[in-house]
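Structural characterization, general
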Amino acid sequence: MPNDNLVFLCKTGDLAPGNARRVERKDGDIAVYNLDGKFYATEDRCSHGLSSLAEGEVIGDEIECSMHFGSFHIPSGEARQPPCSVAIRTFKVDIRGEDVFAVLS
Ligand code: FES
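Notes on the structure follow. Quick caveat: nothing in here was measured; it's all calculated off a predicted structure.

1. Some details on the nonpolar core
- Grouped together as the largest cluster of nonpolar side chains are 15 residues, with contacts concentrated most on Y33, L53, V58, I63, F72 and I74.
- Ranked by the residues each element gives to this core, the list is headed by strand β3 (residues 30-35), at three residues.
- Residue contacts for V58: discarding those within four places in its chain leaves G18, N19, A20, Y33, L35, I63 and I74.
- Among the nonpolar cores identified, the runner-up in size contains 13 residues, and C10, V23, F39 and L104 belong to it.

Shown next as structure tokens:
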């Protein structure tokens with residue numbers, strides 16, 4: 001029986017460390033990140049504008065938005081660099097075998 005709270009993001013081998021990818025969803029796209037082999041997920045939309053965070057650059061444990069170069073702490077969603085000031089939503093990640101899921105709550 002499918003679990004509606006799980007959103008498939010990618011296979012563990014699909015996303016190399018230091019990279020991000022957008023997963024399209026009608027209820028809001030999700031960005032998945034691989035930080036040194038550990039996976040994280042946040043909402044994909046920058047809280048400062050309409051930009052896709054997955055199109056930005058992963059720098060350490062932060063994602064830098066490609067639009068105005070504000071940034072967020074990926075594990076917590078905290079805004080770290082202006083003009084971003086509002087945190088983004090984060091999702092718990094569940095890995096089952098090679099499948100990476102976001103857990104919606
Ligand atoms: S839209 Fe992301 S920093 Fe402005």
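2. Some details on the sheet that holds strand β9 (residues 90-96)
- A sheet is described by the order of its strands in space; here six strands give the open sequence β1-β10-β9-β4-β3-β2, paired in antiparallel fashion. The open sheet has two free edges, formed respectively by β1 (6-11) and β2 (19-23), since each of these has just one partner strand. Between one strand and the next, the sheet's axes are offset by a mean angle of 30°, whatever the strand orientation.
- Here β3 pairs with strand β4 (residues 38-43) via six bridges, running antiparallel. Across the sheet, A31 pairs through a bridge with T42, a residue of β4.

Rules used in this analysis
- Residues numbered from 1 in each chain as written.
- Predicted model: local features only at pLDDT ≥ 70, side-chain atom pairs only at ≥ 80, totals over all residues.
- Heavy atoms only, no water.
- Core = buried A, V, L, I, M, F, W, Y, C linked by side-chain atoms within 4.5 Å.
- Buried < 20%, exposed > 50% of the residue type's maximum accessible area, 1.4 Å probe, protein only.
- Helix = DSSP H or I, 4+ residues; strand = E, 2+ residues; numbered from the N terminus.
- Contact = heavy atoms within 4.5 Å.
- Pairing = 2+ DSSP bridges.
- Axes fitted to C-alpha atoms, helices over the stretch in contact; angles between N-to-C directions.

Bear in mind that shape data such as this cannot, by itself, settle questions of function.
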